[in-house]
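# Structural description and commentary
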Amino acid sequence: MNFSTKVTTLPKVGVKLASALKQLGITTVGELLYHFPYKYLDFSNTAQISDLEEGQTVTISAQVDKIKAQRAFKKGLSFSIATVYDQTGSIEAVWFNQPYLAKSLKTEEQIYLAGTVTRKNSRQLQLVNPVVEKFSEQSLHTGRLVPVYHSIELVYNKTLRNLIHHCLQNITKWDDEFSSKKIKQLNLLGLSEAIKNLHFPESWQDVEHGRLRIAFNELLPQQLAVLIKEKALRDAGSFEAKLDVEAIKTFVAKLPFTLTNSQKKAAWDIANNISQPVPMNRLLQGDVGSGKTVVIAIAALLASLSKLQTAILAPTEILANQHYATFLELFRTFKKVKIGLITRNSSSVDGSETTKAELLKKAKSGKIDVLIGTHSLLQEKNSFNKLALLVIDEQHRFGVAQRSFLKEGYSNKPPHLLSVSATPIPRTLALSLYGNLQVSDLKQMPSGRKLVITKVVPDLERDKIYHFISQQVQMGRQAFIVTPRVEDSEKSELKAAKQEFELLSKKVFPQYKVGLLYGKQKAKEKSETTKLFAENKIQILVATSVIEIGVDFPNASVIIIEGAERFGLAQLHQLRGRVGRGLSQSYCFLLTTTESHQDNERLQTFTKTFDGFKLAEDDLKQRGYGDLFGSMQSGFNFKFPKFITETALLKSHEVASEIMTHPEEYKGLKRTLKLANEFAEDYHGE
Ligand code: ADP
Ligand code: MG
């Protein structure tokens with residue numbers, strides 16, 4: 001027997017069971033063995049009947065005294081009831097709707113029963129619906145950590161356990177790519193041991209070690225792909241932008257503020273990177289409001305001085321427009337730097353609208369230095385003359401497919417890549433997704449910023465909050481009110497932006513101008529509203545989480561987040577970052593859908609934590625690596641994402657690096673190498 005043996009050859013697998021197994025994606029022994037339990041029932045505690053206590057989950061070894069099937073008064077309900085005993089005493093067991101049990105168990109038969117002990121009355125304990133297993137040398141369903149599988153009708157857990165156990169006993173080839181010597185050196189389990197452990201562990205540690213080996217196997221080709229890709233880029237070389245220190249000084253001197261030390265360091269590191277013929281792979285992370293834009297501008301300036309181009313990708317139109325406005329302003333006295341904008345609905349150069357064709361022509365001939373755009377920018381292949389720097393703002397918002405622009409978007413050499421993010425990525429995850437990328441952290445906030453006062457507010461005090469907004473508006477400030485959904489679905493009690501807008505503009509704040517902003521709005525409406533808000537012609541902006549990213553309105557001082565418990569920590573942090581960008585004290589109020597969320601621990605932590613890095617780590621702890629891989633749009637669909645741990649990531653990264661340095665020693669890893677090369681083909685995590 002081996003992995004490709006058909007399940008139809010297994011004992012007791014008839015046509016019906018085979019087709020049911022097929023529905024679970026199982027046709028071969030390999031697929032069966034890789035159908036891992038998603039949890040385990042801990043029936044490893046064994047006890048004698050006289051020692052049983054209410055609430056205990058145990059396995060007992062007992063003999064059947066009597067057993068009979070009964071019908072209840074209610075129609076259709078039947079149950080079996082048995083008394084079982086051991087040397088120390090006896091106990092009653094009841095099973096509902098399992099009439100066949102009474103027939104299959106015989107008096108005096110030796111069995112195991114596993115389940116949770118309940119109280120029948122003041123004198124007697126009882127087992128309700130315990131798992132039954134007939135006595136044998138090796139128990140699979142009781143007396144141990146019992147595997148629980150995703151199952152469907154006809155493929156019961158007991159059936160799966162029996163089948164899998166049979167295969168584990170009979171399989172002779174395990175297809176482990178690593179020799180047992182090597183795997184020992186790596187401090188991992190052999191594949192056969194790992195798979196056995198996962199199905200029938202002796203301890204929780206067995207489960208952990210089994211998962212580690214499986215996760216390692218799954219991660220290794222992915223890790224290797226990232227490194228292969230990285231090497232290919234290094235080998236391809238890149239454009240060099242001259243490190244013109246004088247130009248940087250002139251530019252910085254004209255800014256209306258002094259750069260923070262971390263801004264200076266980041267700009268310097270980037271400037272150094274892009275002056276080299278090796279493509280940069282750098283992540284610029286900094287909390288919202290830490291001033292990442294000006295750092296990007298410095299890099300773009302250097303490129304333009306060497307007649308090289310920069311592309312800046314933004315995830316939303318609002319953000320692209322805002323970057324465009326900021327860049328026009330920053331380069332107002334550097335007229336030689338030409339700036340273009342391309343979105344689905346508009347294209348313009350240096351502040352004047354133009355046709356898309358005209359814009360692209362200019363970009364292609366090198367007459368535009370910095371081209372800012374949304375996804376529309378991605379659709380234009382080969383639209384640059386010399387693209388030397390690619391900036392991806394809020395990079396986690398872009399999927400891998402979009403990053404394939406890197407491959408298609410340039411004709412000669414790969415651009416230096418600057419990924420920008422306000423949602424910090426834990427170090428290990430960054431390493432695994434982007435290879436050996438370098439990181440610039442803007443840990444320092446521009447001086448004078450105050451922490452945003454954050455509070456969870458009961459719905460009862462809603463009026464107080466509205467009054468507070470009113471006061472702030474009278475002081476000349478502005479407010480955001482964020483709602484989770486646009487339209488109220490029947491089932492949801494969430495505040496809908498549109499309804500909220502109606503209510504607030506007509507009833508609550510009739511004396512002020514209230515605006516509405518949401519994702520699916522027409523672009524013109526969006527940019528109009530954004531503009532009015534920027535000019536303080538709108539004082540209160542009702543919005544969905546579209547404002548989560550990037551948008552900069554320093555005059556806003558209050559943000560209310562409705563249904564706050566529905567947002568992730570990282571997202572809440574982004575939202576809070578919309579205020580507190582100016583010098584005045586700002587406020588963030590979290591309203592919850594029901595009172596019961598008032599002491600939501602997560603929200604309470606959030607009111608006291610202002611460090612984006614810390615919040616990102618908490619998010620990771622709650623969600624796990626596998627989930628984060630998914631949400632980062634990594635493009636890797638792991639079969640066992642829940643098995644991924646930091647240890648598995650580090651281990652697979654270490655081995656992948658070793659393979660890159662000593663490829664000849666690893667020629668035997670045929671499957672891993674093949675997969676890695678396939679991944680590398682369409683992976684663009686760079
Ligand atoms: P983010 O990192 O969220 O992209 P921005 O680059 O939009 O932040 O900057 C937020 C605000 O802070 C902008 O109004 C910007 O002009 C301002 N800013 C940036 N750097 C500094 C600084 N060193 N001192 C004071 N204000 C700054
Ligand atoms: Mg930004």
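Our structure's up above, just so we're on the same page.
Residues numbered from 1 in each chain as written. Chains lettered and ligands numbered in written order. Predicted model: local features only at pLDDT ≥ 70, side-chain atom pairs only at ≥ 80, totals over all residues. Heavy atoms only, no water.

## Topic: the overall build of the protein
Stated precisely, the cut-off is as follows: For helices the rule is a DSSP run of H or I covering at least 4 residues; for strands it is a run of E covering at least 2, with both sets numbered from the N terminus onward. Each residue gets one of three labels from its accessible area relative to the maximum for its type: buried under 20%, exposed over 50%, partly exposed in between, using a 1.4 Å probe on protein chains only. The contact criterion used is simple: two residues touch if any of their non-hydrogen atoms lie within 4.5 Å. In these tables, accessible area is a Shrake-Rupley quantity obtained with a 1.4 Å probe, and a residue counts as shielded only by the protein chains included in the view. The convention is simple: Lys and Arg are positive, Asp and Glu are negative, and His and the chain ends are not counted. Charge positions come from single atoms, namely NZ of Lys, CZ of Arg, CG of Asp or CD of Glu.
When you go through the protein residue by residue, the secondary structure sums to 24 helices and 23 strands. Projected onto its principal axes, the C-alpha positions of the protein cover 95 × 70 × 40 Å. Looking at the protein as a whole, 54% of its 686 residues qualify as buried. Taking contacts inside the protein between residues at least 6 apart in sequence as the whole, the part at least 24 apart equals 73%. Split by element, the accessible area of the protein, about 32300 Å² in all, is 51% carbon and sulfur. One way to put it: in the protein the 90 positive side-chain charges average out to a point 4 Å from where the 72 negative ones average out.

## Thoughts on the packing of helix α16 (residues 427-434) against helix α23 (residues 646-661)
Counted only if it meets this: Axes, fitted as lines to C-alpha atoms, cover a helix only where it is in contact. Angles between the N-to-C directions of the axes lie from 0 to 180 degrees. Working definition: roughly parallel below 35 degrees, roughly antiparallel above 145 degrees, roughly perpendicular at 65 to 115 degrees, and oblique for all remaining angles. Crossing handedness is read from the near helix: turned anticlockwise from the far helix by less than a right angle, it gives a left-handed crossing, and turned clockwise, a right-handed one.
At a minimum axis distance of 10 Å, the contact between α16 and α23 shows a crossing angle of 40 degrees. In terms of axis orientation, α16 runs oblique to α23. In this structure, α16 meets α23 at a crossing whose hand is left-handed. Every residue of α23 that contacts α16 at Thr 428, Leu 431 and Ser 432 is listed here: Glu 646, Leu 649, Leu 650 and His 653.

## Some words on the site of ligand 1
Stated formally: If a single non-hydrogen atom of a residue is within 4 Å of a molecule or strand, that residue counts as near it. Nitrogen and oxygen atoms within 3.5 Å of one another constitute a polar contact, given that in protein one can donate a hydrogen and the other can accept it, and given that sequence-neighbouring residues count only through two side-chain atoms.
By nearness alone, 16 residues border ligand 1, and Thr 258, Gly 289, Lys 292, Thr 293 and Asp 552 come closest of all. Taking Lys 292, its side chain carries an N or O atom lying 2.8 Å from an oxygen atom of ligand 1.

## Some details on the nonpolar core
Test applied: Buried Ala, Val, Leu, Ile, Met, Phe, Trp, Tyr and Cys residues form a nonpolar core when they are joined through side-chain atoms within 4.5 Å.
Counting 63 residues, the largest nonpolar core has Leu 10, Leu 21, Leu 32, Leu 33, Phe 178, Ile 195 and Ile 214 as the members making the most contacts within it. Looking at this core, the elements that each hand over two or more residues are α1 (15-23), α2 (29-33), α4 (157-170), α6 (191-199), α7 (204-236), α16, α22 (612-631) and α23. Counting residues per element, this core draws most heavily on α7, which supplies nine residues. Ignoring any residue separated from it by four or fewer positions in sequence, one finds Phe 178 in contact with Ile 183, Leu 186, Arg 213, Phe 216, Leu 220, Val 655 and Leu 669. Judged by nonpolar contacts, the second largest core, of 44 residues, contains Leu 259, Ala 297, Ala 320 and Val 337.

All quantities given are derived from atomic positions and should not be read as evidence of function.
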